[in-house]
Amino acid sequence: MKPSREHATNNSQTYMITSSTWGRRALFRNERWAKLLIDTLYKYRGSAYSLHEFVIMPDHIHVLFTPLTTLEKSVQFIKGGFSYRAKKELGSNMEVWQKGFSDHRIRDANDYALHVSYIHQNPIKERFCARAEEFPYSSAHPGFELDPIPQGLKPESIEPLAARLEGVPFQSKISNATEIEQPKAKSKTA
């Protein structure tokens, strides 16, 4: 049995969502389909969500955004909006998307930077291009207008991954701290 998803209300959180095409078909290898999906992403930008980053791979999408409504409703605008337009503008009656989507709530500036990097590197990893800027269906490609990083996720330094690279387990910090006073054993003499 699949666990139920907690309903994400409009709480100004930022998410990365991933959704795959029905049967993992490479629908977005077709330029018309990919461009229509980009157009759909921008159609709802500003009314349903703030759009920070995206990549459209042949059989799935990754979108980094901040919903202005519920998370579920924002994804419905993207997936349902695209399905409607594909039927109307591309003459397609096929099922486009697998049911559901996966999401990850962005916790902090480092988490945001890691997910931006993941989105940009996805086409490189799949050998569609050598540099992220070369892939035409990604926000890394020049010319796409994006919404700014949410205020609470702005990095404190220029190198947002530095803290992650230094990652020290909490326990080691305690052992290096000054001696922690231990409770003294009670004597049994009365």
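The notes below deal with the structure included here.

Rules used in this analysis
- Residues numbered from 1 in each chain as written.
- Predicted model: local features only at pLDDT ≥ 70, side-chain atom pairs only at ≥ 80, totals over all residues.
- Heavy atoms only, no water.
- Core = buried A, V, L, I, M, F, W, Y, C linked by side-chain atoms within 4.5 Å.
- Buried < 20%, exposed > 50% of the residue type's maximum accessible area, 1.4 Å probe, protein only.
- Helix = DSSP H or I, 4+ residues; strand = E, 2+ residues; numbered from the N terminus.
- Contact = heavy atoms within 4.5 Å.
- Axes fitted to C-alpha atoms, helices over the stretch in contact; angles between N-to-C directions.
- Parallel < 35°, antiparallel > 145°, perpendicular 65-115°, else oblique.
- Left-handed = near helix turned anticlockwise from the far one by under 90°.
- Nonpolar A, V, L, I, M, F, W, Y, C, P; charged D, E, K, R; others polar.
- Pairing = 2+ DSSP bridges.

Points about the nonpolar core
Generally speaking, nonpolar side chains in soluble globular proteins are found buried as a group. Judged by nonpolar contacts, the single largest core of 39 residues is most densely connected at Phe 28, Ile 56, Phe 65 and Phe 82. At the level of elements, β1 (15–20), α1 (31–43), β2 (49–56), β3 (60–67), α2 (71–90) and α3 (109–125) are the ones that each hand at least two residues to this core. At six residues, α1 tops the list of elements feeding residues into this core. Among all residues touching Phe 82, those that are not within four sequence positions of it are Phe 28, Trp 33, Leu 36, Leu 37, Thr 40, Phe 77, Val 96 and Trp 97.

Here we look at the environment of Pro 58
Relative to the helices and strands, Pro 58 is located in the loop between β2 and β3. In this structure, the C-alpha to C-alpha distance between Pro 58 and Asn 30, residues 28 residues apart in sequence, is 8.1 Å. With residues near it in sequence (within four places) discarded, Pro 58 still touches Thr 21, Arg 25, Ala 26, Leu 27, Phe 28, Arg 29 and Phe 128.

Description of the packing of α1 against α2
In contact at an axis separation of 9 Å, α1 and α2 are set at 130° when each is read in the N-to-C sense. Comparing the axis directions of α1 and α2 gives the class oblique. Handedness of the α1/α2 crossing: right-handed. Across the interface between the two elements, Arg 32, Trp 33, Leu 36, Leu 37, Asp 39, Thr 40, Leu 41 and Lys 43 of α1 pack against Phe 77, Ile 78, Gly 81, Phe 82, Arg 85, Ala 86, Glu 89 and Leu 90 of α2. In the contact of α1 with α2, the residues fall into nine nonpolar, two polar and five charged.

Some details on the sheet that holds strand β4 (residues 102–105)
Spatial ordering of the open sheet is given by β2-β3-β1-β4, a layout of four strands whose pairing is antiparallel. The open sheet is flanked by β2 and β4, the only strands paired with a single partner. Going across the sheet, the axis of each strand differs from the next one's by a mean of 20°, ignoring polarity. Relative to β3, β1 runs antiparallel, the two sharing six bridges. Across the sheet, the residue bridging to Met 16 is Leu 64, located in β3. Against the sheet, α1 engages β2 and β3, with an angle of about 165° to β2.

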